[in-house]
Amino acid sequence: MVHLSRLLKIILIVAFIAVFFEAGLISSYTIVTSQPPDVGKLIGMQIEEVTSLFNFGSSSSIITNPTTKPVSNLADVATALQSSSGLDGINLQSISAQVSSTTKASTFPVNITAIGYKDAISGSNSSVITITANETFSLTATANAKLSDGELVIDVDSIKITSSRKLYGNVNANST
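Residues numbered from 1 in each chain as written. Predicted model: local features only at pLDDT ≥ 70, side-chain atom pairs only at ≥ 80, totals over all residues. Heavy atoms only, no water.

A. Up close: the overall build of the protein. Each helix and strand counted, the protein has three helices and seven strands in total. From first element to last, N terminus to C terminus, the protein shows the α and β order α-α-β-α-β-β-β-β-β-β. By residue count, 21% of the 176 residues in the protein fall in the buried class. Summed over its atoms, the accessible surface of the protein is roughly 12,400 Å², and 61% of this surface lies on carbon and sulfur atoms. (Helix = DSSP H or I, 4+ residues; strand = E, 2+ residues; numbered from the N terminus. Buried < 20%, exposed > 50% of the residue type's maximum accessible area, 1.4 Å probe, protein only. Areas by Shrake-Rupley, 256 points an atom, 1.4 Å probe, with all protein chains shown as cover.)

Pasting the structure below:
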């Protein structure tokens, strides 16, 4: 009988900790997003991630390592990245696509990284000649792709830029 009450205490303590954790998660979600949380989705997401960890990485995006695959339509991808980002050009040699999921499906998501540039504009109506270097940007995008003869064919209509970081450029190009 003593062991049963001790077991019951442990179960109650674990349940209290879980309820306390969930209350903290829900309140912090409300504070950060300023929106009411969808409790069912939050709990479902937690259950999904915990069960995927017990599957030893078979469906977890946390554990799987991305693999880089060659892209067959580089010029089309560069044109789509250029128009989406507003840059003046994309370095074709810098484009790489990483696959995190299985490539057995007909279409699957890929992450694209590339280096782009923007021409520096110097001197508008002044007589001062300013020589400046082009601004260089690092782009990260997502898209859908399919596998054809071991190479990725990226659907250029599905490309969405997720981040653009300035790697090099003049902070104050108009100063003398």
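B. Summary view of the packing of aromatic side chains. Taken as a whole, this structure holds one aromatic pair when the rule is applied. On the numbers, 6.3 Å between centres and 25 degrees between planes, the contact of Phe 16 with Phe 20 is stacked. You can see Phe 16 and its partner Phe 20 sitting in helix α1 (residues 2-33), four residues apart, about one turn around the helix. The pair Phe 16 / Phe 20 is uniform in exposure class, with both members exposed. (Phe/Tyr/Trp six-rings, centres within 6.5 Å; stacked < 30°, edge-to-face > 60°.)

C. Representation of the side chain of Asn 73 within the structure. The topology assignment puts Asn 73 in the loop between β1 (67-69) and α3 (74-85). Assessed through its relative accessible area of 13%, Asn 73 is described here as buried. Every residue in contact with Asn 73, bar those within four places of it in the chain, is listed here: Leu 152, Val 153, Ile 154 and Val 156. (Contact = heavy atoms within 4.5 Å.)

D. Molecular detail of the environment of Asn 65. Locating Asn 65 in the fold gives a position in the loop between α2 (39-54) and β1. Under the relative-accessibility criterion, Asn 65 is labelled exposed at 64%. The sequence separation of Asn 65 and Gln 98 amounts to 33 residues, and the corresponding C-alpha distance is 9.5 Å.

All we've got here are geometric facts, nothing functional implied.
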